[in-house]
Amino acid sequence: MRRRDLLWSVASVLLLALANADRLTLNDGTVIENCYIRDEGVRLIVWERLEDVGTDRWKIYPRRLVKEFQIERDAAWDAPPNLPDLTVTHIELNPKLAGLHGRLDYDAYGRPKIVGGVLPDLGERAYMEPEAVVQGLKFNYTPGETITLTAHIKNVGFKDAAPFEYVWLIDDKEIARGRVSKRLKPQERVQVQTRWQWQEGFHHATFRIVTNQPEIAAINNQITDPLWGFAFFYIVHPERVRVWNTFRNAYGTFAWEDYYRWHLDIMNLLFEQSVYPSAPDGIKARVRLDRIIYAEDIDAAVRNRFSADGIAYDQGGWIFQSDEDRNRNWKAPEPQWRNNTEWSLPHELGHQLGLTDLYALDYHGHENHRMPDNGDMLTHYYRGYKTMMHWHGPHLWSEVCAGYLNQTWNKPRGHFGDYYFALPEENFLQIVDVNGQPVADAKVEIFQRGVVVDTSVPPQQQQGVAFYAVVEDGNFGHPVSSDPVIVGATDAFGLLRLPNRPVQEVRTLNGYHRRPNPFGNVNVVGQRGLMLVRVTKHDRPCYYWLEITDFLIAYLRGHRERFTITLRTPYGSPDSPPAPRQLKVERLDEHQVRLSWEAPALERDQHYDDIIVAYRVYRRVSSDGLNDRPWFPVATVEPDTRSIIIDLRQHYHKDLYWFSNANRFAVSTVGTGGKESELVELALEEKKP
């Protein structure tokens, strides 16, 4: 052994002995210290020793078993071993299939139109005949067609890599093998090709490096790609890649390529785990890394992504460019970033697949609409808030994303949010009382975000329900309208049919058709996909939000002809017991309030509907709609009880209350058979700062 290697080995042993690293705490109280954690969303990969990092000598902990973890690593983590490290950076497929990125324009009505490049200009026809626009483009391989697979291999270590053998497999069956006979210097790359006759179905290609030489890592010696996966590109400056070679990253190697390819693996893992009624086997769509473009001039590389015909032959990707690249001043990212998962990337790549920001359905409120009790603006926080396209991660994809990708897994990418057009043919509201019985003759007024009502145009009618024209100015950013777009009343069954408002129709290659619907000319970003419902009965208004995603999920689940949304009110039934009176709330300290009430006034004798067997106490937090943050029971007490102390720290999930923490309380009487009275409610007055 040379002196330099001996000194390095001694230093490595000392660093390993002194290494301090991560801490993992499980729900059962188990604590694992000085480990190395890799966060993959639904699971944590844990290496218990530094010498195991980069191997498959790990343990897997499902996220549901994890209470918390901290990632804190010392200098031993980043010490560069004097070893080679062969990695398979990606597998490229040729010929390439066309995509539609950069070829979609939107008009003032929010209609997408495929245009540009060598595509024919069909004018207005293009909105309804997208297939005619793209008939000359190739979007799918044909069975028996010869496909060339190219494995890109790189030495991302710090010492020359010896020659090695390799194996190609399709669905775990060997189709070719060979040998790379040259030595690869650090950062040197080589390519290896094979051919395969395309077959329909869900097939995987594997490229495996076979070598006995000591390496920094073994987990990057093989990759398996879904051949049906959407082909992504990465564009990166080589100097950024070089900087990433100076430290170890969360994946467990010293390679920029490994770290960012791993994020596509995470996307696919989360696709698989995103199981819903509309995706009972998870999301069948997949992604794969098809090209890495190392570019000294990133702007030129972006331009060159489009071929001479104006078409990008990929399904999206990511351009790694920041002020560092523009200023030519690259620095290592902070340890807390490079040693964690970059959860923003799967989210952003979701946009490349056509998925929208679901936080566009969040609404901080507007003075047009306020709560009648405390004056708060009515707000809305997306109900599926812990999903990938609402936040970043570590979350699953929402059901609307899952259903959409399952219906379009073999379609070219480029359309954005066109699933907002996928609405059932007929849509109803059913208004029910506290006991689930229909509320007849309730007035229903519906206001819409992203529109201004055109009051100069008389309303139209559909089945007794009025709807109003809106100003189509191309601005979808308006607050919820001050005037209603829909006004009607429930029938004897508590039902109101939402009118199908006229639209400028459009079809997309994904099979979605914007027809007349309750939301009108809904746009593909989602602002018009939020409507505020005010239901009034007994001079008592109740507020609800209609998210367009509820309608889309119904469509994706197969309810394409008819869909009904039930809105539960706090109203009593005709045969409810009498309600309590004189509800009061008194703050006792920072965390406790006392709720008190009086017994109901009885106006008849010996009626069994008036028998009270209990009082039920409710709490509601926030100024969101009643279907966003509904009343939840906190106690059921005996009929002689007249007060209760409530701890505000209980039954409180702070993540839910993004815009408002207003506390509201209610009490009902419970009669025989569990029938309840109306909820008598009261808001807690908060001290003004």
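Residues numbered from 1 in each chain as written. Predicted model: local features only at pLDDT ≥ 70, side-chain atom pairs only at ≥ 80, totals over all residues. Heavy atoms only, no water.

1. What to know about the overall build of the protein
Scanning the protein for helices and strands turns up eleven helices and 35 strands. Expressed as lengths along the three principal axes of its C-alpha atoms, the size of the protein is roughly 100 × 65 × 50 Å. Each of the 689 residues in the protein was classed as buried or not, and the buried ones make up 54%. Here the analysis covers contacts within the protein between residues at least 6 apart in sequence; of these, 71% occur between residues at least 24 apart. With the model as given, the accessible surface of the protein reaches about 30200 Å², and the carbon-plus-sulfur share is 48%. Each charge class in the protein can be summarised by its mean position, and for the 80 positive and 92 negative side chains these summaries are 4 Å apart. (Helix = DSSP H or I, 4+ residues; strand = E, 2+ residues; numbered from the N terminus. Buried < 20%, exposed > 50% of the residue type's maximum accessible area, 1.4 Å probe, protein only. Contact = heavy atoms within 4.5 Å. Areas by Shrake-Rupley, 256 points an atom, 1.4 Å probe, with all protein chains shown as cover. Lys, Arg positive; Asp, Glu negative; His and termini not counted. Charge placed at Lys NZ, Arg CZ, Asp CG, Glu CD.)

2. Here's the deal with the packing of aromatic side chains
Under the counting rule described, the total for this entry stands at 34 aromatic pairs. Ring geometry for Phe519 versus Phe551: centroids 5.2 Å apart, planes at 85°, classification edge-to-face. Taken together, the residues span a long stretch of sequence, with Phe519 in the loop between β25 (513-514) and β26 (530-537) and Phe551 in helix α11 (residues 548-556) at a distance of 32 residues. Judged by its relative accessible area of 0%, Phe519 falls in the buried class. (Phe/Tyr/Trp six-rings, centres within 6.5 Å; stacked < 30°, edge-to-face > 60°.)

3. Looking at the sheet that holds strand β28 (residues 562-568)
Overall, mixed pairing links the three strands, which are arranged β23-β18-β28 in an open sheet. At either margin of the open sheet sits one strand with a lone partner, and together these are β23 (495-498) and β28. Averaged over all neighbouring strand pairs, the angle between strand axes comes to 25°, with direction disregarded. One ladder, built from seven bridges, connects strand β18 (residues 426-432) with β28; its direction is parallel. (Pairing = 2+ DSSP bridges. Axes fitted to C-alpha atoms, helices over the stretch in contact; angles between N-to-C directions.)

4. A few points about the side chain of Asp609
Within the element layout of this structure, Asp609 appears in the loop between β30 (592-598) and β31 (612-621). Within the buried core, Asp609 has no salt-bridge partner, and the shortest N-O distance to an opposite charge, that of Arg604, equals 4.5 Å. Other than its neighbours up to four places away in sequence, Asp609 contacts Asp575, Ser576, Pro577, Pro578 and Arg604. (Salt bridge = Lys/Arg side-chain N within 4 Å of Asp/Glu carboxyl O.)

5. Description of the environment of Val434
Following the sequence through the fold, Val434 ends up in the loop between β18 and β19 (443-448). Through-space distance from the C-alpha of Val434 to that of Leu269 is 42 Å; in sequence the pair is 165 residues apart.

6. As for the packing of helix α5 (residues 256-273) against helix α9 (residues 344-352)
The N-to-C vectors of α5 and α9 enclose an angle of 70°; their axes lie 10 Å apart at closest approach. Judged by the inter-axis angle, α5 sits roughly perpendicular to α9. Crossing angle aside, the handedness with which α5 passes α9 is right-handed. Between α5 and α9, the residues in contact are Tyr260, His263, Leu264 and Met267 and Leu345, Pro346, Leu349 and Gly350, respectively. Its residues assigned to classes, the contact of α5 with α9 shows six nonpolar, two polar and no charged. (Parallel < 35°, antiparallel > 145°, perpendicular 65-115°, else oblique. Left-handed = near helix turned anticlockwise from the far one by under 90°. Nonpolar A, V, L, I, M, F, W, Y, C, P; charged D, E, K, R; others polar.)

7. A few points about the pattern of salt bridges
Pairing is possible between side chains of opposite charge, provided their charged atoms come close. If you walk through the whole model with that rule in mind, you get 46 salt bridges. Residues Asp323 and Arg326 are paired through a salt bridge, measuring 3.2 Å at the closest nitrogen-oxygen approach. In this pair, Asp323 and Arg326 are both assigned in helix α7 (residues 323-327), three residues apart and thus about one turn of the helix distant. We note that Asp323, like Arg326, is exposed.

8. Some thoughts on the side chain of Thr379
Counting through the fold element by element, Thr379 comes out in the loop between α9 and α10 (399-407). Those residues in contact with Thr379 that sit more than four places away from it in its chain are Tyr363, His364, Gly365, Trp545, Ser623, Asp624, Gly625, Asp628, Phe659 and Ser660.

9. Some remarks on the sheet that holds strand β6 (residues 86-94)
Read from one edge to the other, the open sheet built from three strands follows the order β6-β9-β12, with strand pairing classed as antiparallel. Each edge of the open sheet carries a strand with a single partner, namely β6 and β12 (189-197). Averaged over all adjacent pairs, the angle separating strand axes in this sheet is 20°, with direction ignored. Relative to strand β9 (residues 146-155), β6 runs antiparallel, the two sharing eight bridges. Across the sheet, the residue bridging to Val88 is Ile153, located in β9.

10. Re α9
The element α9 is extensively covered by neighbouring structure, given that seven of its nine residues are classed as buried. Leu345, Pro346, His347, Leu349, Gly350, His351 and Gln352 are the residues of α9 that are buried. Against β15 (230-236), α5 and β17 (317-320) lie the buried residues of α9. Among the residues trailing α9, Gly354 stands out with phi positive, at a value near 105°.

11. Description of a nonpolar patch on the surface
Together, Tyr608, Ile611 and Val613 make up an exposed nonpolar region whose accessible area comes to about 310 Å². Tracing the sequence through the fold places Ile611 in the loop between β30 and β31. Relative accessible area serves as the criterion here: at 41%, Ile611 is assigned to the partly exposed category. (Patch = residues over 30% accessible without salt bridge, like charges linked within 9 Å, V, L, I, M, F, W, Y side chains within 5 Å.)

12. Description of the nonpolar core
Among the nonpolar cores identified, the biggest contains 101 residues, and Tyr234, Trp256, Trp397, Leu429, Ile446 and Val533 are the most heavily contacted of them. With nine residues, α5 is the largest single contributor of residues to this core. Counting 27 residues, the second largest nonpolar core, distinct from the first, contains Ile147, Trp168, Ile209 and Leu227. (Core = buried A, V, L, I, M, F, W, Y, C linked by side-chain atoms within 4.5 Å.)

13. Some thoughts on the environment of Pro580
If you trace the backbone, Pro580 turns up in the loop between β28 and β29 (581-587). Each C-alpha atom of the pair Pro580 and Ser668 lies 6.4 Å from the other, and the pair is 88 residues apart in sequence. If we ignore the near neighbours within four places in the chain, the residues touching Pro580 are Trp597, Glu598, Pro600, Tyr615, Val667, Ser668, Thr669, Ser677 and Val680.

14. A look at the pairing of strand β10 (residues 164-170)
Buried residues dominate β10, accounting for six of its seven residues. Here β10 pairs with strand β11 (residues 173-180) via seven bridges, running antiparallel. Within β11, the position partnered with Glu165 by the bridge is Arg179. The hairpin formed by β10 and β11 contains two residues between the paired strands, and Asp171 there has a positive phi angle of roughly 50°. Where β10 lies against strand β13 (residues 204-210), six bridges are found, and the strand directions are antiparallel. Its bridge partner being in β13, Leu169 is matched across the sheet by Thr206.

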